[in-house]
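# Overview (structure and organization)
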Amino acid sequence: QVQLVESGGGLVQPGGSLRLSCVASRSIFSFTMGWYRQAPGKQRELVATIPSGGNTIYADSVKGRFTISRDNAKNTVYLQMNSLKPEDTAVYYCNARSIYSSSTAYWGQGTQVTVSS
């Protein structure tokens, strides 16, 4: 089992920045970490993923604005969000997916991000 705790969400004006953090209860070395988001009335969607080694993946809608990173020593994954838009408003969820079994995945409780003037 892995418990994931997100933080860093909040209310920000369009064009602003936020940094989300996700701390895991144990080592994330053997997990691909990711951020997903779900807006009201919409399905949960991928924002970005980062394996322990290898290339990151971003949704087209956030490329060039968001950056995902990880610190395995701190069991933490981050999402730096710049140039935020109202359409980025959603609950953001942290995800950990085992590299040994793609069906083994864990979710955090989510953190609300609201972009509004």
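This report concerns the structure included in the present document. Here the structure is a predicted model, which means the values were calculated and not measured.

### Focus on the overall build of the chain
In terms of helices and strands, the chain carries 0 helices and 11 strands. Overall, the chain shows an N-to-C arrangement of helices and strands of β-β-β-β-β-β-β-β-β-β-β. Relative to the 2.2 N^0.38 estimate, which gives 13 Å for 117 residues, the radius of gyration of the chain is 13 Å and therefore close to what a compact globule would have. Along the longest, intermediate and shortest principal axes, the C-alpha atoms of the chain span 45 × 25 × 25 Å. A burial count over the chain gives 44% of its 117 residues as buried. Residue pairs at least 24 apart in sequence account for 55% of intrachain contacts in the chain once pairs closer than 6 positions are excluded. Distance from the positive charge centre (11 side chains) to the negative charge centre (6 side chains) of the chain: 5 Å.

### Concerning the state of the cysteines
Applying the stated criterion to the full structure yields 1 disulfide. Through a disulfide, cysteine 22 is tied to cysteine 94; the S-S separation comes to 2.1 Å. Note on the cysteine 22 and cysteine 94 pair: the S-S dihedral is about -80°, so by sign convention the disulfide is left-handed. Linking cysteine 22 in strand 3 (residues 18-24) with cysteine 94 in strand 9 (residues 90-98), this pair joins segments that are 72 residues apart in sequence. Assigned by exposure class, cysteine 22 and cysteine 94 land together as buried.

### A short note on the pattern of salt bridges
It is possible for side chains bearing opposite charge to pair when their charged atoms get close. Summed over the entire model, instances satisfying the criterion amount to 4 salt bridges. Here arginine 37 and glutamate 45 are joined by a salt bridge, their closest N and O atoms 2.7 Å apart. On the accessibility criterion, arginine 37 (5% relative accessible area) is buried. What makes glutamate 45 partly exposed here is its relative accessible area of 35%. For arginine 65, the salt bridge goes to aspartate 88, with nearest N and O atoms at 2.8 Å. Taken together, the residues arginine 65 in the loop between strand 6 (57-58) and strand 7 (66-71) and aspartate 88 in the loop between strand 8 (76-81) and strand 9 connect sequence positions 23 residues apart. Comparing arginine 65 with aspartate 88 shows no difference in burial state: the two are buried. Through salt bridges that share partners, Arg37, Glu45, Arg65 and Asp88 make up one connected network.

Basis of the calculations
- Residues numbered from 1 in each chain as written.
- Predicted model: local features only at pLDDT ≥ 70, side-chain atom pairs only at ≥ 80, totals over all residues.
- Heavy atoms only, no water.
- Helix = DSSP H or I, 4+ residues; strand = E, 2+ residues; numbered from the N terminus.
- Rg over C-alpha atoms; globule rule 2.2 N^0.38 Å.
- Buried < 20%, exposed > 50% of the residue type's maximum accessible area, 1.4 Å probe, protein only.
- Contact = heavy atoms within 4.5 Å.
- Lys, Arg positive; Asp, Glu negative; His and termini not counted.
- Charge placed at Lys NZ, Arg CZ, Asp CG, Glu CD.
- Disulfide = S-S within 2.5 Å.
- Salt bridge = Lys/Arg side-chain N within 4 Å of Asp/Glu carboxyl O.

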